[in-house]
Amino acid sequence: MKASAVAKAPAAAKKKAAARKKAAAKKEAPVTGGRRRNLVIVESPAKARTIGKYLGPSYEVKASNGHVRDLPKSKLGVDIENGFEPSYVLIKGKGKILKDLKISARRAATVYLAPDPDREGEAIAWHLAETLGDDADDIRRLAFYEITKRGVEQALESPRTIDMDKVHAQQARRVLDRLVGYKVSPFLWRTIRYGLSAGRVQSVALRLICEREDEIRKFVRREYWTIDADLTTPAGDLFRARVQKKAGEKVALENEAQARAEADALAKESFAVSQVRTQEKKRNPVPPFITSTLQQEAFRRHKYSGQKTMVIAQQLYEGVEVGEGATGLITYMRTDSTRVSADALAEVRTFIREQYGEPYLPAEVRHYRSRETSQDAHEAVRPTSVARTPSSIRSYLDPDQYRIYELIWQRFVASQMNPALVLTTTAEITAGPFLLRASGSRVKFDGFARAYATALIEETGPEASKLPAVSVGDALGLKEILPEQHFTEPPPNYTEASLVKVLEEKGIGRPSTYATIVGTILARDYVTRDRGKLVPTELGMTVWKLLEQMFADVFDVEFTARLESHLDRIESGKDRWVDVVTEFYDPFQNDLTKAESQQEKVRASLVQETDVECPKCGSKMVKRFGRSGPFLACPRYPECKATMPLEEEGIPAETPTQLCPLCGSAMRVRTGRFGKFLACSTYPECKGTRPFTLQIPCPKCVQGELVERRTRRGKPFFGCSRYPECDFGIWDRPVKQKCPSCGSPILVKKQSKAKGEYLMCPKCKIQIESESTETLSGTLDR
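Conventions adopted
- Residues numbered from 1 in each chain as written.
- Predicted model: local features only at pLDDT ≥ 70, side-chain atom pairs only at ≥ 80, totals over all residues.
- Heavy atoms only, no water.
- Helix = DSSP H or I, 4+ residues; strand = E, 2+ residues; numbered from the N terminus.
- Buried < 20%, exposed > 50% of the residue type's maximum accessible area, 1.4 Å probe, protein only.
- Contact = heavy atoms within 4.5 Å.
- Areas by Shrake-Rupley, 256 points an atom, 1.4 Å probe, with all protein chains shown as cover.
- Polar contact = N/O pair within 3.5 Å; in protein donor to acceptor, adjacent residues only side chain to side chain.
- Core = buried A, V, L, I, M, F, W, Y, C linked by side-chain atoms within 4.5 Å.
- Expected span 1.5 Å × (residues − 1).
- Axes fitted to C-alpha atoms, helices over the stretch in contact; angles between N-to-C directions.
- Parallel < 35°, antiparallel > 145°, perpendicular 65-115°, else oblique.
- Left-handed = near helix turned anticlockwise from the far one by under 90°.
- Phe/Tyr/Trp six-rings, centres within 6.5 Å; stacked < 30°, edge-to-face > 60°.
- Lys NZ or Arg CZ within 6 Å of the ring centre and 35° of its normal.
- Pairing = 2+ DSSP bridges.
- 1 Å grid on protein atoms, 1.4 Å probe; cavity = no way out; pocket = protein on both sides within 12 Å on 5 of 7 lines; lining within 4 Å.
- Points joined across faces, edges and corners; volume = space filled by probe spheres on them.
- Salt bridge = Lys/Arg side-chain N within 4 Å of Asp/Glu carboxyl O.
- pLDDT = per-residue confidence, 0-100.

Caption draft 1: Representation of the overall build of the protein chain within the structure. What the protein chain contains, in helices and strands, is 19 helices and 37 strands. Evaluated residue by residue, the protein chain yields a buried proportion of 48% over its 782 residues. For the protein chain, the proportion of contacts with a sequence separation of at least 24, taken over those separated by at least 6, is 64%. Surface summary for the protein chain: the accessible area is close to 39,400 Å², and the carbon and sulfur share equals 48%.

Caption draft 2: Region of the structure containing unusual backbone geometry. Following Tyr637, the chain continues to Pro638 via a peptide bond in cis, the omega torsion being 10°. Mapped onto the elements, Pro638 comes out in the loop between strand 24 (629–633) and strand 25 (643–645). Omega for the bond connecting Tyr723 with Pro724 falls within 30 degrees of zero, at 10°, which places this linkage in the cis form. Position of Pro724 among the secondary structure elements: in the loop between strand 32 (716–720) and strand 33 (729–730). In the Ramachandran plot, Asn65 falls in the positive-phi region, its phi being about 55° despite a non-glycine side chain. Tracing the chain through its elements places Asn65 in the loop between strand 4 (59–63) and strand 5 (69–70). Its identity as a non-glycine residue notwithstanding, Val702 has a phi of 70°, on the positive side. Relative to the elements of secondary structure, Val702 occurs in the loop between strand 30 (693–697) and strand 31 (705–710).

Caption draft 3: Here's a closer look at the environment of His127. By the secondary structure assignment, His127 is in helix 4 (residues 119–132). For His127, a relative accessible area of 5% gives the class buried. Distance in space between the C-alpha atoms of His127 and Val68 is 7.0 Å, their sequence separation being 59 residues. For His127, the residues in contact, after removing those within four places along its chain, are Val68, Arg69 and Tyr88. Engagement of the side chain of His127 in a polar contact is seen with the side chain of Arg69, the distance being 3.1 Å.

Caption draft 4: View of the nonpolar core. Of all hydrophobic cores here, the largest spans 81 residues; its most connected members are Val111, Leu188, Ile192, Val543 and Phe551. Here this core gets 10 residues from one element, more than from any other, and that element is helix 6 (residues 164–191). With near-sequence residues (within four places) excluded, Val543 lies in contact with Leu188, Ile192, Leu196, Leu206 and Tyr526. Within the second largest apolar cluster, 60 residues are counted, among which are Ile51, Tyr332, Met333 and Tyr405.

Caption draft 5: View of the environment of Val320. Looking at the element boundaries, Val320 is found in strand 15 (residues 320–321). When the C-alpha atoms of Val320 and Leu397 are compared, they prove to be 7.8 Å apart, with 77 residues separating the residues in sequence. What Val320 contacts, discounting residues up to four positions off in sequence, is Gln315, Gly325, Ala326, Thr327, Leu329, Tyr396, Leu397 and Gln401.

Caption draft 6: Summary view of the side chain of Thr426. Along the chain, Thr426 turns up in strand 17 (residues 420–431). Excluding residues within four positions of it along the chain, Thr426 makes contact with Gln275, Val276, Arg277, Arg437, Ala438 and Ser439.

Caption draft 7: Representation of helix 16 (residues 538–550) within the structure. Over its 13 residues, helix 16 extends 19 Å from the first C-alpha to the last, a length consistent with the 18 Å expected when each residue adds 1.5 Å. Three or more residues of helix 16 are buried, namely Leu539, Gly540, Met541, Thr542, Val543, Trp544, Leu546, Leu547 and Met550. Buried positions along helix 16 lie against helix 6, helix 7 (202–218), strand 21 (533–536), helix 18 (577–597), helix 19 (599–606) and strand 23 (620–626).

Caption draft 8: A look at the packing of helix 7 against helix 14 (residues 496–505). Close contact between helix 7 and helix 14 brings their axes to 11 Å; oriented N to C, the two are set at 120°. For the element pair helix 7 / helix 14, the angle class is oblique. Like other packed secondary-structure pairs, helix 7 and helix 14 cross with a definite hand, here right-handed. Facing Ala205, Leu208 and Ile209 of helix 7, the residues of helix 14 in contact are Leu499, Val502 and Leu503.

Caption draft 9: Highlighting the packing of aromatic side chains. Tallied over the entire structure, the rule returns 16 aromatic pairs. On the numbers, 6.1 Å between centres and 50° between planes, the contact of Tyr356 with Tyr360 is tilted. Centroid distance Tyr360 to Phe445: 4.9 Å. Interplanar angle 40°. Geometry classified as tilted. On the criterion of sequence distance, the pair formed by Tyr360 in the loop between helix 11 (342–355) and helix 12 (399–415) and Phe445 in strand 18 (residues 434–445) is long-range, its members being 85 residues apart. In this structure Tyr360 comes out as buried when scored by relative accessible area, which is 10%. By the ring-pair criterion, three or more aromatic residues cluster together here, those being Phe84, Phe187, Phe551, Phe555, Phe559, Phe584, Tyr585 and Phe588. Over the aromatic face of Phe487 sits the side chain of Arg221, whose NZ or CZ is 4.3 Å from the ring centroid.

Caption draft 10: Region of interest: the sheet that holds strand 10 (residues 139–141). Across the sheet, which stays open at both edges, the 4 strands sit in the order 4-3-9-10 with parallel pairing between neighbours. Each edge of the sheet is formed by a strand with only one pairing partner; in this case those strands are strand 4 and strand 10. Neighbour to neighbour, the strand axes of the sheet diverge by 25° on average, direction disregarded. Pairing geometry for strand 3 (residues 38–42) and strand 4, over 5 bridges, is parallel.

Caption draft 11: Structural view of empty space enclosed by the protein. Taken as a whole and judged by the stated rule, the model has 4 cavities of 30 Å³ or more. Residue lining of the largest cavity: Thr191, Ile192, Thr542, Arg603, Leu606, Val607, Gln608, Lys623, Arg624 and Phe625, and that is the complete set. Every element with two or more residues in the lining of the largest cavity is listed here: helix 19 and strand 23. Element by element, the count of residues in the lining of the largest cavity is highest for strand 23, at 3 residues.

Caption draft 12: Expanded view of the pattern of salt bridges. Overall, the coordinates contain 41 salt bridges when judged by the stated rule. A single network of salt bridges, built from pairs that share partners, joins Glu43, Lys47, Asp116 and Arg334.

Caption draft 13: Here's a closer look at the confidence of the model for the protein chain. Of the residues in the protein chain, 87% have a pLDDT of 70 or more, and the chain-wide mean is 84. Helix 12 holds the highest mean pLDDT among the elements of the protein chain, 95, whereas helix 1 (residues 3–27) holds the lowest, 48. Scored below 50 in pLDDT, residues 1–10 shows 1 contact in the model against residues more than four places distant or in partner chains. Confidence drops under pLDDT 50 across residues 648–656; counting only partners more than four residues distant or on other chains, this segment forms 22 contacts.

Encoded structure:
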């Protein structure tokens with residue numbers, strides 16, 4: 001026998017054995033009416049249960065629980081020399097699931113792959129098809145845009161093959177992210193500290209946040225003053241007007257002296273109405289939600305993070321039990337298109353006519369333009385049926401699900417209603433050489449706001465006119481002149497909502513990635529949340545300065561946006577994925593080679609020398625980063641291994657009044673995974689620790705003191721030092737001050753745009769001006 005025949009024999013035998021195994025499985029296959037069942041594979045068990053209800057006994061519905069294959073964690077997994085060929089492996093823990101799917105596939109007439117209808121879902125479907133291989137006779141792709149009976153039936157009427165252009169677009173993204181993560185991260189380990197990581201898109205988001213922080217730090221506040229006058233009409237109604245001009249020139253007051261002088265001059269004049277203008281303005285409805293606007297509005301209304309919003313939306317899409325069985329309540333929630341199907345438009349117009357009346361229904365359907373960069377692959381986020389009003393299904397939803405569904409339902413219905421009409425009245429008042437202006441508005445017709453109460457309509461409701469009736473020539477009485485000091489404000493830190501908005505405007509990321517981008521930089525401790533704002537940590541600022549210095553072109557905003565457009569071109573079949581990855585990799589590799597050649601120089605430039613002397617050798621200690629945050633280390637390491645905690649503002653590094661319970665030495669403040677704590681200054685010789693407490697007794701048990709802690713996800717909170725005996729906890733920073741209303745021993749610090757910083761009682765919710773209090777922040781346990 002020839003050698004080639006010998007080599008082919010085992011392969012032929014294996015093929016025959018597989019065929020026999022497959023035939024045996026088919027004999028055992030359950031049949032319905034003499035026919036083999038079809039298999040539908042989705043990602044999640046919840047989605048499987050909902051779809052299974054619509055399909056009936058002739059279909060078997062199973063879940064893959066997400067991806068079944070991915071790049072290996074232990075190595076790069078990309079063959080750069082061989083056209084960036086990825087090497088996929090079975091994800092750990094998916095063996096049992098895959099074995100079960102293969103058994104079902106062997107006995108199925110047709111296997112329908114139905115993950116989500118986006119790039120990632122298409123890649124999951126492809127991986128499943130590759131893994132099932134010969135175990136399935138016929139594999140087709142289904143795309144469910146809404147998990148309803150109608151949506152499932154429409155998908156089954158038009159099965160298709162797997163879209164390899166979508167798969168290649170997702171594969172290109174995955175390979176690019178792996179190249180950046182596994183090439184740049186080791187450089188960060190060697191330069192700053194072990195365990196850091198860099199992401200292709202996340203690093204650009206970090207750049208935006210850090211650059212905004214730089215703007216804020218460099219901002220110089222400028223003082224200016226305004227002058228208001230409280231005036232009365234002939235009918236005795238009070239209103240307020242502001243000085244705009246003097247002798248035809250705009251008034252610009254830079255200090256108190258100027259303001260007082262002008263206020264004194266104004267008080268001597270007589271006031272009269274010189275002009276009244278009333279304008280009718282239209283306030284048009286806003287488009288139905290896309291992914292980014294849904295995340296922004298959920299944050300603005302309910303302070304939900306992007307990740308939380310998408311988790312809730314996924315639940316509503318996959319199906320919730322609402323009395324008629326598990327039903328998908330919204331359409332697919334990862335979209336950048338405002339397009340709506342003709343059936344849905346017809347249904348919502350009928351609903352508006354019946355519920356609100358003809359005045360609220362426009363003559364024609366409203367169509368909204370999507371962004372130029374929109375893929376337009378899916379409809380806007382909308383309810384699957386407007387007949388399911390939020391109030392009618394509230395009892396079936398948890399509070400979070402209800403809030404998100406209510407937002408989506410209201411926004412969609414309002415998008416097809418008539419504009420609101422607002423009457424704006426402006427009165428100009430003369431007082432000698434001074435010109436003052438006052439304005440007010442009221443709603444003439446609420447229009448779309450009947451269904452969706454936007455902030456504008458909430459502020460200018462039917463009774464909210466701030467200007468009483470006045471006529472030209474009316475003499476006005478002066479009650480009080482009010483000069484007021486102001487300061488120019490720096491640009492605000494990004495919130496999750498405003499960051500997502502900027503990412504979308506600049507073309508960075510796509511609907512399926514926004515929440516992940518923000519979540520990743522928070523999880524890496526590059527950014528923290530401070531009262532809803534995204535503030536870079538010192539580690540985040542250091543990482544970005546290094547990336548900016550060595551990889552400026554790769555992590556450039558415009559470069560990243562162009563790369564996103566290339567991924568879109570791959571999906572549309574216009575570009576080859578290998579060409580796009582090559583175009584990125586060449587300049588990236590040049591930057592990486594340059595960075596590695598200058599590593600020692602770069603590392604030295606990041607070292608911050610302090611005035612603190614090393615307790616062992618006397619050298620000036622330097623600032624370094626560890627897993628628990630920044631600390632001081634001897635620059636002569638490894639000859640001298642002395643370290644010290646970094647002294648924070650208002651918190652002494654060493655506490656002579658707090659002695660170690662084990663050896664009696666002074667203790668030092670350290671920062672761990674779950675917040676600050678006290679550790680023995682002789683560590684590692686002695687490992688004694690104590691909780692780091694505020695000088696505020698616990699209001700619940702009185703015996704313990706409040707300590708700052710962190711949740712497993714890194715969110716700070718304040719709890720009792722006697723936990724778990726006492727389970728008291730609050731999110732806001734406590735202040736040792738008695739509530740004048742209910743007698744609570746503590747108040748908490750709050751902040752809002754309208755009021756600035758203020759104090760509130762956590763028990764009775766009374767609000768107190770913060771200027772009248774003294775706060776205790778970070779004082780140590782006695």
